[in-house]
Amino acid sequence: MIETKNPRIDVEQLLTLVQDEIDHLKSDNSGDAPVGGGFEPAGETNNPYAWSQLSASLDIAQQNADAGSRVSTYLNYRKSIRWFVRGVGKLVLYFGRVITVPQRDFNNAILHALRITINGIRDMNRRSDEFDRRFEHAADERQKLNQRIDDLQQRDQEKDHLIGYLKSTLMMQERRVALFLEEARRCLPETFSQEQLQGFVAEKGHLLDSLYVTFEDKFRGTREEIKERLAVYLPYLEKTKSGTDQRPVLDIGSGRGEWLELLRDNGLVAKGVDINETLAGQCRERGLTVEIKDAFTYLQSLPDGSLGAVTGFHIIEHLPMETLLELYAEACRVLASGGVAIFETPNPQNLLVGACNFYADPTHKRPLYPETQQFFLEYRGFSKVELKYLHPHDAGARLPEGEAPELAARLNDLLSCARDYAVIGYKP
Amino acid sequence: MNKPIALVISWFGRELKGGAEQLAWQVATRLAARGHRIEVLTTCCRSFLEDWSQNHLPPGEVVEEDVLIRRFPVDRRAGEEFAAANNFVLSLPVENLLPGVSPFTCGTADTFIYENINSSKLLRFLKKHREDYHAFIFLPYLYGPILNGLPLVADKAYLQPCLHNEAYAYLPRVEELFRMARGILYNSAGEARLARTLYGPGIQDKEVVVGVGVETAGTAGNDVHRVGPMETGEDRFILCLGRRDVHKNTLFLAEAFVRFKKDHPESLLKLALAGPGDTSFSNIHPDIVDLGLVSEEEKEALLANCVALFHPSENESYSRVIMEAWFHERPVAAHRNCLATAMAVQTAGGGWLAGDEGEWVELFAEADAFTKDELHTLGKRGKSYAGQYAVWDRVIDRYEQVLGLTKKADEPRAVQKEKDRGVHQLLPGFAFGDAISNQAILIRDYLRAQGYKSVIYTEAIDPSMTHEAELFSPDKLSADEAIIYHHSIGSGLMGFLSSLRGPRCLIYHNITPPSFVADHDSGLAGQLQQGLDMLPGLAEFFPVSAGVSAFNAGELQQHGFTSPDVMPICVDPAKWNIPTPVNRMFELQDGRTNILFVGRIVSNKCQHDLIEAFSLYRRFDPGARLFLVGGYDDKDPYYKKLIKIIDSHGLSGDVFFAGKVDDAHLHAYFRIAHLYWSMSEHEGFGVPFIEAMWFDIPVLAYKSSAIPETLAQGGILFDSKEPLEEIAALAHLLVYNHSLREKVCAAQAGRRSDFLPNQVLPVLDRLLSRMEAAA
């Protein structure tokens, strides 16, 4: 159908392009937009009559803008007096120029300004059309998004159902396994060997690992929040030159590994030890070095003076007092001279923490009094032991002063003081 | 000795920086060195950078390198007012400027012209001594001595504008200079294209691309084997030379290179950037080597050893480095949007063009894949172009040719002796803007120039055209005189024609088949039928005949004429060397697509089909408008039918009947149109099709009658109006598909030249001798 003698144009290719154009148009129209006749013309066509009037008026104005620069053609008198009249006309014009030159400039300036204004209006018309189109498009998009949100919510509900089902089946499975083990033990001709028993015991110790992971995820806060909080300890490592190959950092109870990650981000050498297999596994997936061992046993395996820093965040409140004292002693032993030990724990001086929040974690033993810990560390061989209070409640949690401002102030001190503290000691 | 040539420029001196000043020095001294008398008319102001109202140099004459320099004192001027006007102009964003619409108010325009650097003594000198000079070259376009001086000697003036796309170029006075100058000298084909975009094709017949010489260091740089970290002989690298600047698109090129490397990690190609600039691009990618400013020798070494030169800048008026690369036989890639560089690359065939990032990425891959020989072939083509346009000797040859300084031009032209015999023309009707009437005027002027007496006689005449033709009566013409008769409709001339005995020729302009108009206009149909019926009779009386197209010559043959010739209608764009109406130009360049068809509102031109097709087109381009330019009668049933169709599609605000318009308005319609679209089923020749080609408007036409012959390789034809949707889609492609448009317009640029007077008039010579022989 298409023909051209132009050797640079490939008709077949052109036909494909034509078909693409048509397909493109059809796909654009496949939605709610009406096909044909439904397009609002862009720009000034909203009132073509007005525009053509405007244009005609401008034409007339332009023709007369230079009035006063020429002798009018009305002065075409008979030949005999034409020259005289034209001469007089020119003379008048010459003198009149004082008035007419600024007038002509004014005329032309006004016309120019009008054209610019008209251009602006047309531009606005076009833009408003464009906005209308975009607005419609946005409305469409919003509707689609709402639809998607509805879909997602429904899927979310379905997932909740599924998770509930899986939880209950899992619980039943655990009970069945326990029953089965019990039954098996009873039916076996011989009792389990010591080794087997230890295996069971060890496994039993890990039975709650995944529960604890879920618990932490729910109560501790996001990784970023935790990393931000822990960054306050970085200067201590810098001060004691810890985190090198010779003076690595050991994090006891490394948990989700935020601290280890922060250290790695800062180019420091560190290792974690945690008894929770699930957490240690997650850390390893992130490329962090974590031993799955009891912290105490692991410390015992290390040579004297081999670490730059020993840290433990929210672990000492999980230990019985004897173990805690042992831990402090071991930490002191494995630290190199000038090394630092940092242990962070909830601050029971805060009324809310001491009375309530501390018990949110059912594996906590008992609140630890700050000065006691300071004393313990010093007792176990650390020097320059300091207490660092952290994370006060924000001002919004404070009680209003009301009628008893002193009482309120005292209560506020108790309620909103630091929620955590760290005890920090240096190996002499 | 012959009269001298004068260069008129505001500042002149060997040491002056600035493109135009350097150019003036080179041209003046080089022409003088060839023994021509060259004078420079300039001011006593030292340079562009000084106070323009100060006379730093003494007035009077000095001779430097055989060039006589006449300096004239500058006038006092209102510098602050000028600065205010100038700042206003500079503050206008270029993308908002519209061709044919002045961005100046009258006041600012006058301030710009009259408070510019000016020398009334220089102007007086020009006025007084215009006869003492052979020609004047004015350069560059935007200073007082040029703006005010050129009009004084326009018929001897050659404007060398050094034009950029900037607000000054839209000053009405500047357009006037282009229109009135005898010739226009351009530094590059891109500059000529820009001028045509701004002022239309009316100036094209006096344009000459003279080029600018580039002084080359030749083979220097052979000893340099290492530039910075680059081993020039070892590394395979693309070179980008010039200011390393965001505005020069350097970062854009670097990003394209990074993408190329990502797609082709195995490639060893590097990108070397060299030139001044503060930003370093080295850290973007290990294979981008930023060399900073390099010495001339190092530059030569880089040019001699690169794979190709990539020149991504979109804002260049002339690029030396491209010529330098070509002198080293290296291919060049230029940005499609930069007229000056893109035109050079395209014309020379010495490289590639690219636009968006994707295209540049592909270009890296292409250049990398080219063999040494292939690169060399491209480079060689570039070298032969640079050898034409960037070598001073060739450039000065061209100046000599244009200014008539060659020996051949010195010989006086043979004045045609007045001939005894008259050759007159006879037409059934003569009207303003009518193609047949215009052709008759052209033929008459040519005959008169050949020494013949020549008058146009007509049966009916438009009152506005009485100065061009006379009403025919049998007593005004003797039967023995030589007559050229234009046949296009039935007339009462048959009796007279049959009595002719002298040399005679019939030119057939085609007759629309009466069936097309029978329904609407039975009177016209009758006249057309009469015209057709006359043909066999006329064949007996006219031994010599010609059709305006082969299509028409074929019809003549069918009616018994023997061996009819083909003499096309002349379409000379010089006709368009007139200003366009400001308001129309302003209104129609509002960002909407303008579709144009020119022709009387008559059923054989099928405007009804065009409106139907246009309504489908609007689905692709909802803001488009259709202009139907051509006379109509609002009582005509066909016109009423069109109005009904328009209303039925709700297009009353988008289809415009412009009526029969004067040349200035027609000029405006052609200037603003994006597509010329014809559904016509009968065109005897199709003058507007050729006019559209001159305005670089792609033509889309239904294949009928003489149209395929007129268009030849130009335009795109379709041989069926069904399905209309496909034709509308094709129209949309022609408006928006850059590459298709470019291909169509390039072919049209070739075709339109076939209808210039110098192509058509030789046929007339042949007809005249045949007429003599037959009588």
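All values reported here derive from a predicted model rather than from experimental measurement. (Residues numbered from 1 in each chain as written. Chains lettered and ligands numbered in written order. Predicted model: local features only at pLDDT ≥ 70, side-chain atom pairs only at ≥ 80, totals over all residues. Heavy atoms only, no water.)

*Asks:* If you had to explain the nonpolar core to someone new, which residues and values would you point to?
*Replies:* Residues and elements named next belong to chain B. By size, the foremost hydrophobic cluster in this structure holds 107 residues, and its most contacted members are Phe670, Tyr676, Trp677, Leu700 and Ile716. In terms of residue count, helix 26 (residues 724–736) provides more of this core than any other element does, nine residues in total. When neighbours within four sequence positions are excluded, Trp677 is seen to be in contact with Ile595, Leu596, Phe597, Leu610, Ala613, Phe614, Tyr617, Leu700, Phe718, Ile727, Ala728 and Ala731. Counting 61 residues, the second largest nonpolar core, distinct from the first, contains Ile9, Leu241, Ala334 and Val395. (Core = buried A, V, L, I, M, F, W, Y, C linked by side-chain atoms within 4.5 Å. Buried < 20%, exposed > 50% of the residue type's maximum accessible area, 1.4 Å probe, protein only. Helix = DSSP H or I, 4+ residues; strand = E, 2+ residues; numbered from the N terminus. Contact = heavy atoms within 4.5 Å.)

*Asks:* Mind laying out the environment of Lys293 of chain A, listing which residues take part and the relevant values?
*Replies:* All names here are of chain A. Positionally, Lys293 belongs in the loop between strand 4 (290–292) and helix 10 (295–300). Accessibility expressed as a relative area gives 39% for Lys293, which makes it partly exposed. When the C-alpha positions of Lys293 and Leu145 are compared, they lie 49 Å apart, and in sequence the two are 148 residues distant. With near-sequence residues (within four places) excluded, Lys293 lies in contact with Val273, Asp274, Ile275 and Tyr298.

*Asks:* If you had to explain the environment of Val174 of chain B to someone new, which residues and values would you point to?
*Replies:* Residues and elements named next belong to chain B. Here Val174 is to be found in helix 6 (residues 172–180). Spatially, the C-alpha atom of Val174 lies 7.6 Å from that of Leu142, the residues being 32 residues apart in sequence. Apart from the residues lying within four places of it in its own chain, the contact partners of Val174 are Tyr141, Leu147, Tyr168, Ala169 and Tyr199.

*Asks:* Describe the sheet that holds strand 27 (residues 675–678) of chain B, listing the residues and the values that go with them.
*Replies:* Taken together, seven strands build an open sheet; the order of strands is 1(A)-29(B)-28(B)-27(B)-24(B)-25(B)-26(B) and the sheet is mixed. The sheet terminates laterally at strand 1 (2–3) of chain A together with strand 26 (655–659) of chain B, the two strands that pair on one side only. Two elements, strand 27 of chain B and strand 28 (residues 699–702) of chain B, share three bridges in a ladder whose sense is parallel. Counted as the bridge partner of Trp677 of chain B is Leu700 of chain B from strand 28 of chain B. (Pairing = 2+ DSSP bridges.)

*Asks:* Kindly report on the domain arrangement of chain B, identifying the contributing residues and their values.
*Replies:* Residue and element names in this part refer to chain B. When its domains are assigned, chain B resolves into domain 1 (5–209), domain 2 (226–381), domain 3 (423–566) and domain 4 (576–755). Of note, the centres of domain 3 and domain 4, computed from C-alpha atoms alone, are 29 Å apart. On the side of domain 4, 18 residues touch domain 3, which itself brings 14 residues to the contact. For the pairing of domain 3 and domain 4, the buried interface totals around 1300 Å² over both sides, and the portion due to carbon and sulfur atoms is 64%. (Domains from an automatic or database assignment. Buried area = accessible area lost by both parts, 1.4 Å probe.)

*Asks:* Can you lay out the interface of chain A and chain B for me, pointing to particular residues and giving the numbers?
*Replies:* If you look at the interface, chain A gives 38 residues, while chain B gives 48 residues. Taken together, both faces of the contact between chain A and chain B bury some 3800 Å²; the carbon and sulfur share is 58%. Interface area lost by chain A to chain B is led by Met1, Glu3 and Arg8 of chain A, which between them contribute 18%. Across the chain A-chain B interface, the total number found is three salt bridges. Between Lys26 of chain A and Glu725 of chain B there is a salt bridge whose closest N-O contact spans 3.9 Å. For the interface between chain A and chain B, the tally reads nine residue pairs in polar contact (both at pLDDT 80 or more). For the side of chain A that touches chain B, the secondary structure elements donating two or more residues are strand 1, helix 1 (11–29), helix 2 (48–64) and helix 3 (79–187) of chain A. Take the side of chain A that touches chain B: its biggest share by element is 10 residues, from helix 3 of chain A. Looking at side-chain class alone, the side of chain A that touches chain B contains 17 nonpolar, 10 polar and 11 charged residues. Both strand 1 of chain A and strand 29 (residues 716–718) of chain B contribute to a ladder of two bridges, which runs antiparallel. If you follow Ile2 of chain A over to strand 29 of chain B, its bridge partner there is Phe718 of chain B. (Salt bridge = Lys/Arg side-chain N within 4 Å of Asp/Glu carboxyl O. Polar contact = N/O pair within 3.5 Å; in protein donor to acceptor, adjacent residues only side chain to side chain. Nonpolar A, V, L, I, M, F, W, Y, C, P; charged D, E, K, R; others polar.)

*Asks:* Account for unusual backbone geometry, naming residues and giving values.
*Replies:* All names here are of chain B. In the segment running from Leu139 into Pro140, the intervening peptide bond is cis, with an omega of -20 degrees. As for its position among the elements, Pro140 is in the loop between strand 5 (135–138) and helix 5 (144–149). Residue Pro723 is reached from Glu722 by a cis peptide bond, and omega for that bond is -15 degrees. Secondary-structure assignment places Pro723 in the loop between strand 29 and helix 26. At Asp66, a residue that is not glycine, the phi angle is positive and equals roughly 65 degrees. Examined against the element boundaries, Asp66 turns out to sit in the loop between strand 3 (60–64) and strand 4 (67–72).

*Asks:* Before we move on, can you summarise the pairing of strand 2 (residues 249–252) of chain A with the specific residues and values?
*Replies:* Residue and element names in this part refer to chain A. Along strand 2, one buried face is formed by Val249 and Asp251 and the opposite face, lined by Leu250 and Ile252, is buried too. Bridge analysis of strand 2 against strand 3 (residues 270–274) gives four bridges, and the strand direction is parallel. Its bridge partner being in strand 3, Asp251 is matched across the sheet by Gly272. With respect to chirality, the unit in which strand 2 leads through helix 8 (residues 258–265) into the neighbouring parallel strand 3 is right-handed. As defined by bridge partners, strand 2 adjoins strand 5 (residues 307–313) across four bridges and the pair is classed as parallel. Residue pairing for strand 5: Leu250 is matched across the bridge by Val310. (Right-handed = clockwise from strand over helix to strand, strands pointing away.)

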